[in-house]
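Structure assessment
Listed here are the chains, written in short residue letters.
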Amino acid sequence: MAKTLNILLLIFLLPIVLVGQEFMINVSVNSRQVDGTERKVFQTLQQDLYEFVNSRNWTNHQFRPEERIEGSISITIDERISGDHFKGRINVMSKRPIYKSSYYSTLLNIQDTDFEFKYIEYEPIEYIENTFTSNLAGVVAYYLYIILGFDFDSFSPYGGTPYFEKARNIVNAAQNSNEAGKGWKAFEGIKNRYWLVENLLNSSHNKIRSGLYKYHLQGLDKMSENIELGRSAINEFMEDLQETNRSKQGLYSVQVVLDAKRDEIVNIYSQAPPMDKSRAVNILKEIDPANTSKYQQILKQK
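Before going into details, it helps to say that this report is about the structure given with it. (Residues numbered from 1 in each chain as written. Predicted model: local features only at pLDDT ≥ 70, side-chain atom pairs only at ≥ 80, totals over all residues. Heavy atoms only, no water.)

This part takes up the sheet that holds strand S3 (residues 85-97). Strand-to-strand pairing in sheets goes through backbone hydrogen bonds, with the strands running parallel or antiparallel. A sheet is described by the order of its strands in space; here 4 strands give the open sequence S1-S2-S3-S4, paired in mixed fashion. In the strand order of this sheet, the two ends are held by strand S1 (23-30) and strand S4 (104-118), each with one partner. Shown here is a sheet whose adjacent strand axes are inclined to one another by a mean of 15°, direction ignored. Sheet analysis places S3 next to S4, joined by 12 bridges and oriented antiparallel. (Pairing = 2+ DSSP bridges. Helix = DSSP H or I, 4+ residues; strand = E, 2+ residues; numbered from the N terminus. Axes fitted to C-alpha atoms, helices over the stretch in contact; angles between N-to-C directions.)

Structure, rendered in structure tokens:
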């Protein structure tokens, strides 16, 4: 009898043990810029979004608790257009642990200012694949798939393709939806959701994504064992970025990569040999001239 109970208990526990959500994402909603005293709706929105992100399965992979992808989604409400209609910004950040260290490397750090959505308190946030249910669910799901794409790319060459494709499906579904706000269409700017996933899935720019694998698995992950070998892979990543930028300047995906990696790259090359420093600074000044003064700090470090 005891054995039977143990077997039954194991059966009930198996789904909990074997099926794990992918994310451990902190969600915050900042409504300080909105007039009025009715704040409870924003607290409910924050909790609903946290559950939406962290409590469902976004892939078919099994994630152990320690493997869950960490990061944050921060929403700033700039305007309450009506009772259930809001306008603001969303910042999405994800990070990745580095092998044999306590260090986490930022993979993604995007601020999207074209974020307008409707939310009715206590109504569930619904997401259905290939169906655009709402701009709130669509934007958040899109960025979760972008996070997954970057994370999987960092562990295997082009491993993130299925998730970038899911993000593209959301873009396609938004094209014909009255619920979609700005940021989903090609003509709405050169740095939006449409162009990011277009760049990432465009075979002409493949070296951005293969470079992410070199930078992380062959670069940062190797540095604890062989710093020169790791830095050599990061040198290759830099050259891949340069080649991609020369083939087509102004790619949003290049900016997104640099926004996440800029400070880290400065730290890495500040400790590099003079020849590596000089080459890295020349590349960075070419592809990201607006931040030349930051890159010059590399040469000042001894």
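Looking at the secondary structure, you find Ser-105 in strand S4. Within the structure, Ser-105 has its side chain in polar contact with the side chain of Lys-261 (distance 2.5 Å). With sequence-adjacent residues up to four places away left out, Ser-105 is seen in contact with Ser-94, Lys-95, Arg-96, Ile-98, Tyr-215, His-216, Leu-220, Lys-261 and Glu-264. (Polar contact = N/O pair within 3.5 Å; in protein donor to acceptor, adjacent residues only side chain to side chain. Contact = heavy atoms within 4.5 Å.)

Owing to its 3.6 residues per turn, the α-helix brings residues three or four apart onto one side. Compared with an ideal rise of 1.5 Å per residue, which puts 15 residues at 21 Å, helix H2 (residues 40-54) spans 21 Å between its outermost C-alpha atoms and is within 8% of the ideal. Within the sequence span of H2, burial applies to Val-41, Phe-42, Thr-44, Leu-45, Leu-49, Phe-52, Val-53 and Asn-54. On its buried face, H2 sits against S1, strand S2 (69-82), S3, S4 and helix H3 (135-155). (Expected span 1.5 Å × (residues − 1). Buried < 20%, exposed > 50% of the residue type's maximum accessible area, 1.4 Å probe, protein only.)

With that settled, the discussion passes to the packing of aromatic side chains. Evaluation of the coordinates by the stated rule reveals 15 aromatic pairs. Taking 5.6 Å as the distance between ring centres and 35° as the angle between the ring planes, the aromatic pair formed by Trp-58 and Tyr-127 counts as tilted. Separated by 69 residues along the polypeptide, Trp-58 in the loop between H2 and S2 and Tyr-127 in the loop between S4 and H3 bring together distant segments of the chain. Per residue, the accessibility class of Trp-58 equals that of Tyr-127, and both read buried. We note Arg-56 situated over the ring of Trp-58; from NZ or CZ to the ring centre the distance is 4.5 Å. Positioned above the aromatic ring of Phe-155, the side-chain terminus of Arg-96 is 3.9 Å from the ring centre. (Phe/Tyr/Trp six-rings, centres within 6.5 Å; stacked < 30°, edge-to-face > 60°. Lys NZ or Arg CZ within 6 Å of the ring centre and 35° of its normal.)

Sheet topology places S1 next to S2; 8 bridges connect them, and they run parallel. When the sheet's bridge partners are listed, Asn-26 is paired in S2 with Ser-72. One ladder, built from 11 bridges, connects S2 with S3; its direction is antiparallel. Looking across to S3, one finds that Arg-80 is bridged to Phe-86. Connecting the antiparallel pair S2 and S3 is a turn made up of 2 residues.

Residues other than glycine seldom take positive phi values, yet Tyr-122 does so here, at roughly 75°. Within the secondary structure layout, Tyr-122 lies in the loop between S4 and H3. With phi around 65°, Asn-130 is a residue other than glycine that occupies positive phi space. The topology assignment puts Asn-130 in the loop between S4 and H3.

With that settled, the discussion passes to the packing of helix H4 (residues 161-175) against helix H5 (residues 193-201). Across the interface, H4 lies against H5 with an axial gap of 10 Å and an inter-helix angle of 145°. With respect to the hand of their crossing, H4 and H5 are arranged in left-handed fashion. Residue-level inspection shows Thr-161, Phe-164, Glu-165, Ala-167, Arg-168, Val-171 and Gln-175 of H4 in contact with H5, the latter providing Arg-193, Tyr-194, Val-197, Leu-200 and Leu-201. Of the residues in the contact of H4 with H5, the class split is 7 nonpolar, 2 polar and 3 charged. (Left-handed = near helix turned anticlockwise from the far one by under 90°. Nonpolar A, V, L, I, M, F, W, Y, C, P; charged D, E, K, R; others polar.)

Before going further, it helps to spend a moment on the nonpolar core. Within the largest apolar cluster, 80 residues are counted, with the highest numbers of intra-cluster contacts made by Tyr-142 and Ile-146. Tallying contributions element by element places H3 first for this core, with 14 residues. Beyond its immediate stretch of four places on either side in the chain, Tyr-142 contacts Ala-167, Ile-170, Val-171, Trp-184, Arg-193, Leu-196 and Val-197. (Core = buried A, V, L, I, M, F, W, Y, C linked by side-chain atoms within 4.5 Å.)

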